[in-house]
Amino acid sequence: MVNMSGRLKHRVEVFSRVEAKTESGQRRYVYEGGKFVWCEIKPYSVNATLWSQTAVTPGGRNPYEVIPQMYRFVMRANALDVEMDMYFMYRGQRYDVMSAVPYFKDPSYQEVYTKLRIESDTRNGYKGSQWSGE
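What comes next is a walk through the structure. The model shown is predicted, which means the values in this text are computed figures rather than measured ones. Numbering of residues begins from 1 in every chain and follows the order in which that chain's sequence is written. A pLDDT threshold of at least 70 governs which residues receive local features in this predicted model, and a stricter bar of 80 or more applies before side-chain atom pairs are shown or counted, although totals over entire chains, interfaces and linings include all residues. Hydrogens are left out, water is left out, and the side-chain values use all remaining heavy atoms of the structure.

A few points about the overall build of the chain
- Within the chain, the secondary structure is distributed over one helix and eight strands.
- Going residue by residue from the N terminus, the α and β elements of the chain occur as β-β-α-β-β-β-β-β-β.
- Working rule for contacts: check all heavy atoms of both residues, and any pair within 4.5 Å makes them a contact. Sequence separation of at least 24 residues holds for 58% of the intrachain contacts in the chain that already meet a minimum separation of 6.
- Here the open area of atoms and residues is found with the Shrake-Rupley method and a 1.4 Å probe, where only the protein chains shown may cover a residue. On the chain, roughly 9,000 Å² of surface is accessible, and the fraction owed to carbon and sulfur atoms is 49%. Here a helix means four or more residues in a row that DSSP labels H or I, a strand means two or more in a row labelled E, and each is numbered from the N terminus.

As for the pattern of salt bridges
- The rule for a salt bridge is simple: a side-chain nitrogen of Lys or Arg has to be within 4 Å of a carboxyl oxygen of Asp or Glu. Throughout the structure, instances matching the rule amount to six salt bridges.
- Linking Glu40 and Arg7 is a salt bridge whose minimum nitrogen-to-oxygen distance equals 3.2 Å. Of this pair, Glu40 sits in strand S2 (residues 27-45) while Arg7 sits in the segment before strand S1 (10-21); the two residues are 33 residues apart in sequence, bridging distant segments of the chain.
- Through salt bridges with shared partners, one network takes in Arg7, Glu40 and Lys42.

Topic: the nonpolar core
- In this description, a nonpolar core means a group of buried Ala, Val, Leu, Ile, Met, Phe, Trp, Tyr and Cys residues linked to one another through side-chain atoms lying within 4.5 Å. Working definition: with a 1.4 Å probe on protein chains only, accessible area under 20% of the residue-type maximum means buried, over 50% means exposed, and in between means partly exposed. Membership of the largest hydrophobic core comes to 17 residues, with the highest contact counts inside it found for Val12, Phe73, Met75, Leu80 and Phe88.
- Elements that contribute at least two residues to this core include exactly S1, S2, strand S5 (64-76), strand S6 (87-90), strand S7 (93-102) and strand S8 (109-119).
- Apart from residues no more than four positions distant in its own chain, Met75 is found in contact with Leu8, Val37, Trp38, Cys39, Leu80, Phe88, Tyr109, Gln110 and Val112.
- Counting residues in each nonpolar core, the second largest holds five residues, with Met4, Leu8, Val74 and Tyr103 among its members.

Comments concerning the packing of aromatic side chains
- Only Phe, Tyr and Trp rings are paired, with Trp represented by its six-membered ring, and only when their centres lie within 6.5 Å; those with planes under 30 degrees apart are stacked, over 60 edge-to-face, the remainder tilted. Enumeration over the complete set of coordinates arrives at six aromatic pairs.
- The interplanar angle of 70° and the centroid separation of 5.2 Å between the aromatic rings of Phe73 and Tyr95 together place this pair among those described as edge-to-face. With a gap of 22 residues between them, Phe73 in strand S5 and Tyr95 in strand S7 connect regions that are remote in the sequence. The pair Phe73 / Tyr95 is uniform in exposure class, with both members buried.
- Taken together, the ring pairs connect Tyr71, Phe73, Phe88 and Tyr95 into an aromatic cluster.
- Sitting over a ring, as applied to charges here, requires NZ of Lys or CZ of Arg to be within 6 Å of the ring centre and within 35 degrees of the ring normal. Directly above the aromatic system of Phe36 lies the positively charged group of Arg11, at a separation of 3.9 Å from the ring centroid.
- Taking NZ or CZ as reference, Arg17 lies 4.2 Å from the ring centre of Tyr29, over its face.

Quick look at the side chain of Glu111
- With respect to the helices, strands and loops of the structure, Glu111 is situated in strand S8.
- When its relative accessible area of 6% is taken as the criterion, Glu111 is described as buried.
- Whenever two N or O atoms come within 3.5 Å, that pair is a polar contact, provided that in protein one can donate a hydrogen and the other can accept it, and provided that, for residues adjacent in sequence, both atoms are side-chain atoms. Separated by 2.9 Å, the side chains of Glu111 and Arg72 make a polar contact.
- For Glu111, the residues in contact, after removing those within four places along its chain, are Arg72, Phe73, Val74, Ser99, Ala100, Val101, Pro102 and Tyr103.

Some thoughts on the pairing of S6
- The sheet contact formed by S1 and S6 spans three bridges and is antiparallel. Bridge pairing in S6 links Glu13 to Met89.
- Here a strand pair is declared whenever DSSP counts at least two bridges between the two strands. As paired strands, S6 and S7 are joined by four bridges and run antiparallel to one another. By the bridge assignment for S7, Tyr87 is matched with Asp96.

In short, geometric facts, not functional conclusions.
See the structure below:
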């Protein structure tokens, strides 16, 4: 058994996809946050050829650009039932869930593998730029 309690230093907000109804009664899905878990976050992979594609929607350009980085979140297994349509927010950055597996050193923990996504129109969370005169 490995004591991971002291290493869970990152408070991460979890967003889950839930069904909602529009004013006209149609079904749609929205993401709701509000649940927080304590995790250990570590870089996992920097494979630029695998995750460097930018998705384009039929209506135009996708506002998200995939950054070629994957991260591993280690958390208590009973803290969260991980689903593939979830994402995590930590310090203004979005991490999309890719997969979840048991932590092999201690089965009371789980590893969640994620990919980092940054909104292109917010310039990585910075509101202004000294170069553009904003």
